[in-house]
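Survey of secondary and tertiary structure
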Amino acid sequence: MKQKSEQYCLGVESTADDFGVGIATFKGDILANASSGYIPEEGGIHPREAARHHAEAADQVLEEALQKADIKPKDLAIIAFAQGPGLGPCLRTGATVARALASYLQIPLVGVNHSIAHIEIGKLATAAKDPVTLYVSGGNTMVTAYDCGRYRVFGETLDIALGNCLDVFAREAGLKHQKGLPLGAALEQLAAKGEKLVPLPYVVKGMDLSLSGLLTAATTALRKGSNRLEDICYSLQENAFSMVTEVTERALAHTEKKEGLLTGGVAANRRLQSMLAEIAEEHDARFSVVPKQFATDNGAMIAWTGVLAYTHGVVTPVEESFVKLRWRVDKVDVSWLK
Ligand code: AMP
Ligand code: MG
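Our subject in this report is the structure included herewith. These numbers come from a predicted model, not from an experiment.

Some thoughts on the nonpolar core
Grouped together as the largest cluster of nonpolar side chains are 76 residues, with contacts concentrated most on L162, L236 and L272. Both domains that furnish three or more residues to this core are identified here as domain 1 (8-118 + 297-331) and domain 2 (130-294). Those residues in contact with L162 that lie beyond four places of it in its chain are V136, S137, T141, L211, A240, F241, V244 and V266. I23, A57, V61 and I107 belong to the second largest nonpolar core, which has 29 residues in total.

Below is the structure:
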């Protein structure tokens, strides 16, 4: 509910296939979280096509968010935007929207790390304070936890991201986006009907993992046609999810933190949630999952992380607001946690 003395941050998300605008109060209420997703006609995300979608969707998504929050642009105190990591053309489109808004309204601009925003929105929504976080999405797969001023990466994928692995296999299997159902969710439904484990690679190297061999083997099994699709989906999920769970468990054991958090688009998966809940229990850790509306890429997480950063001294001058395609979480000083 809007209050007179309240300050608002508008956050712009555009790192990949989603263009999102969220509005957060400085106290941490999310007033709006509007978005428009780009769905490729065929194949994976085409960066320039996605960027074109974002440019075309921007005014409508902005208006929807402002209406939902019931505020006017002049009520905004700051503009936050996802400065990276992500796809260049997509990031640049969001950054242009954010710069234009901040310049026109003459208010501060705050560049936000997209991966950190996934962690912070998870913490805000679940009241987790200091978790070991598994962040799994279309473009990222990592286990992180806070230590000495930064989110440290305890383990990560050496090649493709978990969501990407599921999506590419789903497309190979002929699954389609239906009624807004993500490909990973369509695969989850088939996997739930699987009964037999098809032997597939399981690759954990130290604390890192590799998913590309698993994807190739699952695709080869699919083409051979000697296993039910449901069984391959089931086996793909079991192997991939066990790998990320193993690394998360070792990070929990090492840090002895008492909270586990699952965030990012793939966090919506029930099977993954149950595997992580199990290992968290074994380590006496409280386990939380980011709520579904904040799981996939969204503007609310950027708005909220913008508030955290700005209220702890971070402002991004326009001349320093260039996008950072490979901006790692462990390169960001998290001033609000110090
Ligand atoms: P993001 O990159 O954070 O926007 O998340 C999108 C990714 O999450 C895509 O790879 C989706 O296929 C995946 N995803 C969404 N829902 C599910 C689900 N229920 N199970 C597995 N993956 C999912
Ligand atoms: Mg996305």
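Brief notes about the pairing of strand β2 (residues 18-25)
For β2, a buried count of eight out of eight residues is recorded, marking the element as mostly surrounded by other parts of the structure. In β2, alternate side chains face the same way, and those of D18, G20, G22 and A24 on one face and F19, V21, I23 and T25 on the other are all buried. Sheet topology places strand β1 (residues 8-13) next to β2; six bridges connect them, and they run antiparallel. Looking across to β2, one finds that Y8 is bridged to T25. Where β1 folds back onto β2 in an antiparallel hairpin, the turn is made up of four residues. As paired strands, β2 and strand β3 (residues 30-37) are joined by seven bridges and run antiparallel to one another. Bridge pairing in β3 links G22 to N33. Connecting the antiparallel pair β2 and β3 is a turn made up of four residues, with G28 showing a positive phi of about 100°.

Some points on a negative patch on the surface
Side chains of E278, E281, E282 and D284 sit close together on the surface and give a patch of like negative charge. When its relative accessible area of 51% is taken as the criterion, E278 is described as exposed.

Section: the packing of aromatic side chains
Enumeration over the complete set of coordinates arrives at two aromatic pairs. Plain terms: the ring middles of F26 and Y310 are 6.1 Å apart, the flat faces sit at 65° to each other, and that makes the pair edge-to-face. Of this pair, F26 sits in the loop between β2 and β3 while Y310 sits in helix α9 (residues 299-310), and the two are 284 residues apart along the sequence. Note on F26: relative accessible area 18%, which makes it buried. Between the aromatic rings of Y146 and Y151, the centroid separation amounts to 6.0 Å while the plane-to-plane angle is 80°, which identifies the pairing as edge-to-face. We note that Y146, like Y151, is buried.

Quick notes on the coordination of the magnesium ion (ligand 2)
D17 (OD) and D18 (OD) make up the full set of protein donors to the magnesium ion (ligand 2), lying at 2.3 Å. The class of D18 is buried, set by a relative accessible area of 15%.

Quick look at the sheet that holds strand β5 (residues 109-113)
Taking strand neighbours across the sheet as the criterion, the five strands line up as β3-β2-β1-β4-β5 in an open arrangement whose pairing is mixed. Since the sheet does not close on itself, it has two edges, and those belong to β3 and β5, each with one partner. Ignoring which end each strand starts from, the neighbouring axes of this sheet average 20° apart. Each of β1, β2, β3 and β4 (76-84) is contacted by helix α1 (residues 47-69), which is oriented at about 155° to β3, the strand it contacts most. In the packing of helix α2 (residues 88-105) onto the sheet, the strands contacted are β1, β2, β4 and β5, and the crossing angle to β4 comes to about 160°.

Rules of the game
Every chain's residues receive numbers from 1 upward, in the order its sequence appears when written. Chains carry letters and ligands carry numbers; both start at the beginning, A for chains and 1 for ligands, and go up in the order they are written. Only residues with pLDDT of 70 or above have their local features reported here, since the model is predicted, and side-chain atom pairs are shown and tallied only from 80 upward, although totals for entire chains, interfaces and linings are computed over all residues. Computation of side-chain values: all heavy atoms of the structure, hydrogens and water removed. The nonpolar core is taken to be a set of buried Ala, Val, Leu, Ile, Met, Phe, Trp, Tyr and Cys residues, with the residues joined through side-chain atoms within 4.5 Å. Burial classification: accessible surface area is computed with a 1.4 Å probe over protein chains only, and a residue below 20% of its type maximum counts as buried, one above 50% as exposed, and the rest as partly exposed. Domain delimitation follows an automatic or database domain assignment. Any two residues whose heavy atoms approach within 4.5 Å are treated as being in contact. Helix and strand labels come from DSSP, where a helix needs a run of H or I of at least four residues and a strand needs a run of E of at least two; each type is numbered from the N terminus. Two strands make a pair as long as DSSP finds a minimum of two bridges between them. Like-charged residues within 9 Å of one another, or nonpolar side chains (Val, Leu, Ile, Met, Phe, Trp, Tyr) within 5 Å, are grouped into patches, provided each residue has over 30% relative accessible area and no salt bridge. Note on areas: Shrake-Rupley, 1.4 Å probe, and residue coverage restricted to the protein chains presented here. Throughout this description, the term salt bridge denotes a Lys or Arg side-chain nitrogen within 4 Å of a carboxyl oxygen of Asp or Glu. Note on charges: Lys and Arg go in the positive column, Asp and Glu in the negative column, and His and the chain ends are not counted at all. In plain terms, the charge of a residue is placed at NZ if it is Lys, CZ if Arg, CG if Asp and CD if Glu. In this analysis, rings of Phe, Tyr and Trp, with Trp reduced to its six-membered ring, are considered paired at centre separations within 6.5 Å, and the interplanar angle assigns stacked below 30 degrees, edge-to-face beyond 60, and tilted for intermediate values. Only nitrogen, oxygen and sulfur atoms qualify as donors, provided they sit within 2.8 Å of the metal or within 3.2 Å for Na, K and Ca; with water excluded from the atoms, sites may seem incomplete. Axis lines are fitted through C-alpha atoms, for helices just across the contact stretch, and the angle between N-to-C directions can take any value from 0 to 180 degrees.

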